[in-house]
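Commentary on secondary and tertiary structure
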Amino acid sequence: MKAESDKKDEFLITNIQRFSVNDGPGIRTTIFLKGCPLACAWCHNPESISPLQEFFFDEEKCVRCGACADACPADAIKPPLKRKFVKDFEVRPIISSTGSILDKIQDGTFGSEEITRSSASMASEEEMADEIAAPQFDRDKCIHCMQCVDACRYGALTAACRTTTVDEVYGEVLEDRKFYESSGGGMTISGGEPLMQPDVTRSLLKRAWQDQIHTALDTTGLAKWETIASILPYVNLVLFDIKSLDDRKHRKWTGVSNRLILENIRKIARAGTKIRLRCVIVHDVNYWDPEHARGIVEFAKTLGNAVVGIDIMPYHNFADKKYEKLGRKHFFKGFPNIFREDVEDYRELIQKNGPWNPTVGGLIGSNRQGDTFHETNLLNKVSSA
Ligand code: SF4
Ligand code: SF4
């Protein structure tokens, strides 16, 4: 059993990505902290938005045993339903189980006597079929206890995050130290928004800094300046997300104003910390919008020498499935990927109008044929290290 003091030091992460080549220079270990104050409509890590524990539900793996519903203390799960069908289309649900369906089937109490036949009265017995529908999760009632995940023995419910400590995470970071040294890489703290957990972020960055491991902070920039100022001394590079320079658009697509964000980036620049701007390109938001590209260049120039690079991050739809498994709607569901060649004009415009040679990240720098670019060299270094 863990001591209370250990629990106090625990926090939530959604992932630790080793051998990452998209989160700063070289080969890196990226830690994704859970919780974000923005709610970008295109977010590709939707499990990182809430600061609370969450679970994924994979309906294909569910055997309809009902154990999750039995385990839930908050009445947030409707147990699997037996439904009667006429051939290919559903007639109506005919029974709901208040406990484990498998138990009921086994002890013979799973009730054909409860079948309501009125709506199926037009169909003969041969034309009808039974199905057990998946459990239904009411996430508003959920108290995030994760007992359903523990109860599911079939891998249909899985945790979308894990609890950890600074010691544990930093131990993993150190495992790849030789790769950082051979590739010019290091550690990146990302999210969610790492500034929502400033103590954790500061501790991790400080340790790496003291061990002379390159550090990067991947941030939306939405935090009190005092918080940022207390962390900056341990940061080599800030990866700063620019969603939109237009405050009205920013509010519409992310739910928050960009005023504090832009104020903070100016202060970071004045503090002398290096910055890479990360510019997401998303359908309907800023794709294809030359004014946005020009705006990025003009804004970057106002930050003086602080901006060492600009990364263009085209939209990708890899997160569609994750939204589904979290029971959330995805505004951009079904929108196509934006590829490297789709943002070439955008890239050229930035290049021609400023001193930067922008990179295209996001979709791992791939084109429609699936060729990848700079990662190949880095991964060669991994194998020879
Ligand atoms: S989610 Fe898991 S526990 Fe719940 S009904 Fe499906 S298989 Fe059983
Ligand atoms: S995590 Fe939510 S749905 Fe699952 S058992 Fe706990 S309260 Fe119920």
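Computed from a predicted structure; not experimentally measured. (Residues numbered from 1 in each chain as written. Chains lettered and ligands numbered in written order. Predicted model: local features only at pLDDT ≥ 70, side-chain atom pairs only at ≥ 80, totals over all residues. Heavy atoms only, no water.)

1. A closer look at the overall build of the chain
Tallying secondary structure elements over the chain gives 14 helices and 16 strands in all. For the chain, the residues scored as buried account for 51% of the 385 residues in total. Intrachain contacts of the chain at a sequence separation of at least 6 include 71% that bridge at least 24 residues. Of the accessible surface of the chain, which amounts to about 18,900 Å², a share of 49% is contributed by carbon and sulfur atoms. (Helix = DSSP H or I, 4+ residues; strand = E, 2+ residues; numbered from the N terminus. Buried < 20%, exposed > 50% of the residue type's maximum accessible area, 1.4 Å probe, protein only. Contact = heavy atoms within 4.5 Å. Areas by Shrake-Rupley, 256 points an atom, 1.4 Å probe, with all protein chains shown as cover.)

2. Structural notes on the site of ligand 1
In the region of ligand 1, 13 residues are neighbours, and Cys 62, Cys 65, Gly 66, Cys 68 and Cys 152 sit closest. For the shell around ligand 1, the residue count by class is eleven nonpolar, one polar and one charged. (Near = heavy atom within 4 Å. Nonpolar A, V, L, I, M, F, W, Y, C, P; charged D, E, K, R; others polar.)

3. Regarding the nonpolar core
If you look at the biggest cluster of nonpolar residues, it comprises 68 residues, and the most contacted ones within it are Ile 31, Trp 42, Met 187, Ile 275, Leu 277 and Ile 310. Residues contacting Met 187, with those up to four places away along its chain left out, are Arg 28, Thr 29, Ile 31, Tyr 170, Val 173, Leu 204, Leu 205, Ala 208, Ile 213, His 214, Thr 215 and Ala 216. Membership of the second largest hydrophobic core comes to 17 residues, among which are Phe 57, Cys 68, Cys 72 and Ala 76. (Core = buried A, V, L, I, M, F, W, Y, C linked by side-chain atoms within 4.5 Å.)

4. Some points on the packing of helix α11 (residues 290–301) against helix α13 (residues 344–353)
As a packed pair, α11 and α13 sit with axes 9 Å apart at the nearest point and diverge in direction by 35°. The handedness of the crossing between α11 and α13 comes out as right-handed. Where α11 approaches α13, its residues Pro 290, His 292, Ala 293, Arg 294, Val 297 and Lys 301 are matched on the opposing element by Tyr 346, Leu 349, Ile 350 and Asn 353. (Axes fitted to C-alpha atoms, helices over the stretch in contact; angles between N-to-C directions. Left-handed = near helix turned anticlockwise from the far one by under 90°.)

5. Structural notes on unusual backbone geometry
The peptide bond linking Gly 191 to Gly 192 adopts the cis configuration, its omega dihedral lying at 15°. Note on placement: Gly 192 falls in the loop between β11 (186–190) and α7 (198–210). A cis geometry characterises the amide bond from Tyr 287 onward to Trp 288, with omega recorded as -20°. Position of Trp 288 relative to the elements: it lies in the loop between β14 (274–281) and α11. Positioned with a positive phi, Asp 75 is a non-glycine residue whose angle comes to about 55°. As for its placement among the helices and strands, Asp 75 is situated in the loop between α2 (67–71) and β4 (77–78). Residue Asp 75 is classed as exposed on the basis of its relative accessible area, which comes to 57%.

6. Some details on the sheet that holds strand β13 (residues 237–242)
One open sheet accounts for nine strands, arranged β10-β1-β2-β11-β12-β13-β14-β15-β16; its pairing is mixed. The open sheet has two edge strands, β10 (162–164) and β16 (359–360), and neither has a second partner. As paired elements, β11 and strand β12 (residues 214–219) share four bridges and run parallel to each other. What sits directly across from Ile 189, in β12, is Leu 217. (Pairing = 2+ DSSP bridges.)

7. Details of the environment of Phe 56
With respect to the element layout, Phe 56 can be found in strand β3 (residues 55–57). Taking the C-alpha atoms as reference points, Phe 56 and Lys 322, separated by 266 residues in sequence, lie 7.6 Å from one another.

8. Some thoughts on the packing of helix α5 (residues 166–175) against α7
Contact pair α5 / α7: the axes reach a minimum separation of 10 Å and the direction vectors enclose 40°. At the point where α5 passes α7, the crossing takes the right-handed sense. Between α5 and α7, the residues in contact are Val 166, Asp 167, Val 169 and Tyr 170 and Val 200, Ser 203, Leu 204, Arg 207 and Ala 208, respectively.

9. Considerations on helix α10 (residues 259–270)
In this model, α10 (twelve residues) spans 17 Å end to end at C-alpha, consistent with the 16 Å of a helix rising 1.5 Å per residue. Against α8 (225–231), β13, α9 (247–254), β14 and α11 lie the buried residues of α10. Gly 272 lies just past α10 and shows a positive phi near 90°. (Expected span 1.5 Å × (residues − 1).)

10. Let's talk about α7
Taking 1.5 Å as the rise per residue, α7 with 13 residues should run 18 Å; its terminal C-alpha atoms sit 18 Å apart, in good agreement. Within α7, the full set of buried residues consists of Val 200, Thr 201, Leu 204, Leu 205 and Ala 208. Here the buried residues of α7 occupy an arc of 120° about the axis, which is enough to place them on one side. Along α7, the residues that are exposed and aim more than 90 degrees away from the buried face are Asp 199 and Gln 210. Contact partners of the buried residues in α7: β1 (11–20), β2 (28–33), α5, β11, β12 and α8. Immediately downstream of α7, the backbone of Gln 212 shows phi near 60°, a positive value. (Arc of directions from axis to C-beta.)

11. A closer look at the pairing of β11
In regular strands, side chains alternate between the two faces of the sheet. In terms of burial, β11 is a largely internal element, five of the five residues being buried. Across five bridges, β2 lies against β11 in parallel orientation. Note on β11: the bridge partner recorded for Thr 29 is Met 187. Assessed by its sense of winding, the connection that carries the chain from β11 through α7 to β12 is right-handed. (Right-handed = clockwise from strand over helix to strand, strands pointing away.)

12. What about the confidence of the model for the chain?
A residue-level look at the chain finds 81% of positions with pLDDT of 70 or above and a mean pLDDT of 86. Note on residues 362–385: pLDDT is under 50 here. Beyond four places in sequence and across chains, it has 45 contacts. (pLDDT = per-residue confidence, 0-100.)

13. Comments concerning the environment of Ser 50
Within the secondary structure, Ser 50 sits in the loop between β2 and β3. Between the C-alpha atom of Ser 50 and that of Lys 34, which follows or precedes it by 16 residues, the distance is 6.7 Å. If near-sequence neighbours (up to four positions away) are discounted, Ser 50 is found in contact with Lys 34, Gly 35 and Arg 328. A distance of 3.0 Å separates the side chain of Ser 50 from the backbone nitrogen of Leu 52, its partner in a polar contact. (Polar contact = N/O pair within 3.5 Å; in protein donor to acceptor, adjacent residues only side chain to side chain.)

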